[in-house]
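Listed below, chain by chain, are the residues.
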Amino acid sequence: MMKINYKHITLLLIISAFTLNAQVINSGTHELQRTLFISEVHGLTSIFINPAGLASLTNDDGILLGYSGNDKEKGEFIFSMSIGDIGAGYKESKIYEENIEYVVKEYAVALAAGTKFISIGTTTKLIEYRTGDQKEQNYNFDAGINFQPLSFIGFSAIVRNLHIQDQLPDLLNRNFQVGTYIEPLGSMFRILAEIVWKDAQEALKQGNLKTAVELKLANEFDIRFGTYNFNQPKKAYFIAMNVHLVEGMRFYSSVRFNEFNSTPNFLGSLIIPLETPR
């Protein structure tokens, strides 16, 4: 029988704005990847979000399967797993740059070291992107850090795609993220925020801001509300819930929609926990 400490595996979903022609910098991601905050992920949710989270907690390993889409487009898939401070994953996603659609596949291996107080991690990625009949492959790297000075607050930072390559679409090149979460009333209520920017941008003036609040309404039942601001201005809004199933498994569903009333995107993901001696 699989067992899990519920406090040691929390997948918190928020929905960010993403419109087809928006020149946003954290495109090239699966819907699940766009919605997670770098300051809260750990274990198997860390591979594509913030690899430092692999070493933040113990006994948080498992397998993640996620799928997102809408009634107009083919959906996107993500898979990840972790064992101790090692993780691996695969994802398919799309980006849109200058009205060109790129289909992106990533294969990733992540390593981390540290404790709940402070941890660091890296992800090595093989990125395959395709547009029309053209296909390219490149390697790249992410590096992240987590810092939790007190039990109710945490800080994180990550640099994505450290190796800038001219042949890549601009949206697959280097960007930075910093984020935090705080639980002012304990675990029943959480506030999250992070900002993302590129090399050529000023973080406070041109960065993309993502925020959310989460409420624990019942035992192991959470609901989250949030918004994503692209400074264009373009906003999206979300609602997301996580529900416990049997044997420690969780199912997460969410929907996001923007102020232009485009077709909503839906997300479903399943976590299957594993006990790992650490």
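Model, not experiment: these values are computed from the prediction.

Chemist: Help me understand the nonpolar core in this model?
Modeler: Note on soluble globular proteins: their nonpolar side chains tend to be buried together. Counting 19 residues, the largest nonpolar core has L32, I47, F48 and I49 as its most contacted members. Listed by contribution, the elements that provide at least two residues to this core are β4 (100–114) and β14 (265–274). Considering each element in turn, this core owes the most residues, 3 residues, to β4.

Chemist: I'm lost on the packing of aromatic side chains in this one. Help?
Modeler: Where two aromatic rings form a pair, the distance of their centres and the angle of their planes describe that pair. A full pass over the atoms with the stated rule returns 5 aromatic pairs. Ring centres of F77 and Y90 lie 6.5 Å apart, and the angle between their planes is 45°; this geometry places the pair in the tilted category. Within this pair, whereas F77 is found in strand β2 (residues 76–83), its partner Y90 is found in strand β3 (residues 86–97), the two being separated by 13 residues in sequence. Looking at Y90, the relative accessible area reads 17%, which means it is buried. For the ring pair F117 and F147, a centre distance of 5.2 Å and an interplane angle of 80° mean the geometry is edge-to-face.

Chemist: How do you make sense of the confidence of the model for the protein chain when you look at a structure like this?
Modeler: Detail in the predicted coordinates should be disregarded across regions flagged by low pLDDT. For the protein chain, per-residue confidence averages 78 on the pLDDT scale, and 75% of positions sit at 70 or higher. Averaged over each element, pLDDT in the protein chain is lowest for helix α2 (residues 203–206) (55) and highest for strand β7 (residues 153–160) (94). Considering only residues more than four positions removed or in separate chains, one finds that residues 1–28, a stretch of pLDDT under 50, has 116 contacts.

Chemist: What is the right way to read the pairing of β4 from this model?
Modeler: In the case of a regular strand, side chains alternate between the two sheet surfaces. Where β4 meets strand β5 (residues 118–131), 12 bridges bridge the pair, whose relative direction is antiparallel. Paired with V104 across the two strands is Y129, which belongs to β5.

Here is what the cut-offs are and how they apply
Residues numbered from 1 in each chain as written. Predicted model: local features only at pLDDT ≥ 70, side-chain atom pairs only at ≥ 80, totals over all residues. Heavy atoms only, no water. Core = buried A, V, L, I, M, F, W, Y, C linked by side-chain atoms within 4.5 Å. Buried < 20%, exposed > 50% of the residue type's maximum accessible area, 1.4 Å probe, protein only. Helix = DSSP H or I, 4+ residues; strand = E, 2+ residues; numbered from the N terminus. Phe/Tyr/Trp six-rings, centres within 6.5 Å; stacked < 30°, edge-to-face > 60°. pLDDT = per-residue confidence, 0-100. Contact = heavy atoms within 4.5 Å. Pairing = 2+ DSSP bridges.

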